[in-house]
Amino acid sequence: GNSILGGGIYSGVALTINNSIIAYNNSTTASGGGIYVWAEPLTLINTSIHSNIGGGIYTTSGTSNPPIVLIQNSTVSKNQGTGVAAGFVTIINSTISDNKGRGVVADQQNNTSFLKNSIIAGNVTSMAGPDCRNLGVRISAWAGLGRVCA
């Protein structure tokens, strides 16, 4: 679909998506072509988010709570924009790759993001740190870590 925000899904409530494909959607503001979540947690399990214009996942905070995203056994790839933009991110057994923007942006101050058995690679942007932003300094990693980006 086409939308100003959240071309595929726009949500203002906690959202869990299982066993789904969210693809070929368009956000005219370049925020959340696949999914846009306002101030609530997002959980993706066994889901593919790909080929969206405006990025894969975009979350924004409300008045007090930073957005929290859990991505497990999922793929976020080939989006025209950042793959995942959130405050706190946990990525387990997943791949974030080949996005035309940063792979993952975790913009919450003093956040702790987690990666386990995951790959964040091949994302392309003219800005520094094409695969990750703000993960390298504040990352807490479990055993079996994939790629960590600075």
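Residues numbered from 1 in each chain as written. Predicted model: local features only at pLDDT ≥ 70, side-chain atom pairs only at ≥ 80, totals over all residues. Heavy atoms only, no water.

Draft legend 1. View of the nonpolar core. If you look at the biggest cluster of nonpolar residues, it comprises 22 residues, and the most contacted ones within it are Ile35, Leu42, Leu44, Ile57, Ile71, Ile91 and Ile96. Elements supplying a minimum of two residues to this core: strand 3 (15-18), strand 6 (35-38), strand 7 (42-45), strand 10 (68-72), strand 12 (84-86), strand 13 (88-92) and strand 15 (104-106). (Core = buried A, V, L, I, M, F, W, Y, C linked by side-chain atoms within 4.5 Å. Buried < 20%, exposed > 50% of the residue type's maximum accessible area, 1.4 Å probe, protein only. Helix = DSSP H or I, 4+ residues; strand = E, 2+ residues; numbered from the N terminus.)

Draft legend 2. Seen up close, the packing of aromatic side chains. Enumeration over the complete set of coordinates arrives at two aromatic pairs. Here the aromatic rings of Tyr10 and Tyr36 are separated by 5.2 Å at their centres, their planes lie at 10°, and the arrangement is stacked. Linking Tyr10 in strand 2 (residues 9-11) with Tyr36 in strand 6, this pair joins segments that are 26 residues apart in sequence. Summarising the aromatic geometry, the rings of Tyr36 and Tyr58 are spaced 5.4 Å apart at their centres and angled 20° between planes, so their arrangement reads as stacked. One end of the pair, Tyr36, is in strand 6; the other, Tyr58, is in strand 9 (residues 57-60), and 22 residues separate them in sequence. Members of the aromatic cluster, connected to one another through ring pairs, are Tyr10, Tyr36 and Tyr58. (Phe/Tyr/Trp six-rings, centres within 6.5 Å; stacked < 30°, edge-to-face > 60°.)

Draft legend 3. Local environment of the sheet that holds strand 14 (residues 95-97). With parallel pairing, the five strands of this open sheet are ordered in space as 4-8-11-14-17. Looking at strand neighbours, the two that pair on one side only are strand 4 (21-23) and strand 17 (119-121), the edges of this open sheet. The mean inter-strand angle of the sheet, taken between neighbouring strand axes irrespective of direction, is 5°. Pairing between strand 8 (residues 48-50) and strand 11 (residues 75-77): three bridges, direction parallel. Residue pairing across strands places Ser48 opposite Thr75, the latter belonging to strand 11. (Pairing = 2+ DSSP bridges. Axes fitted to C-alpha atoms, helices over the stretch in contact; angles between N-to-C directions.)

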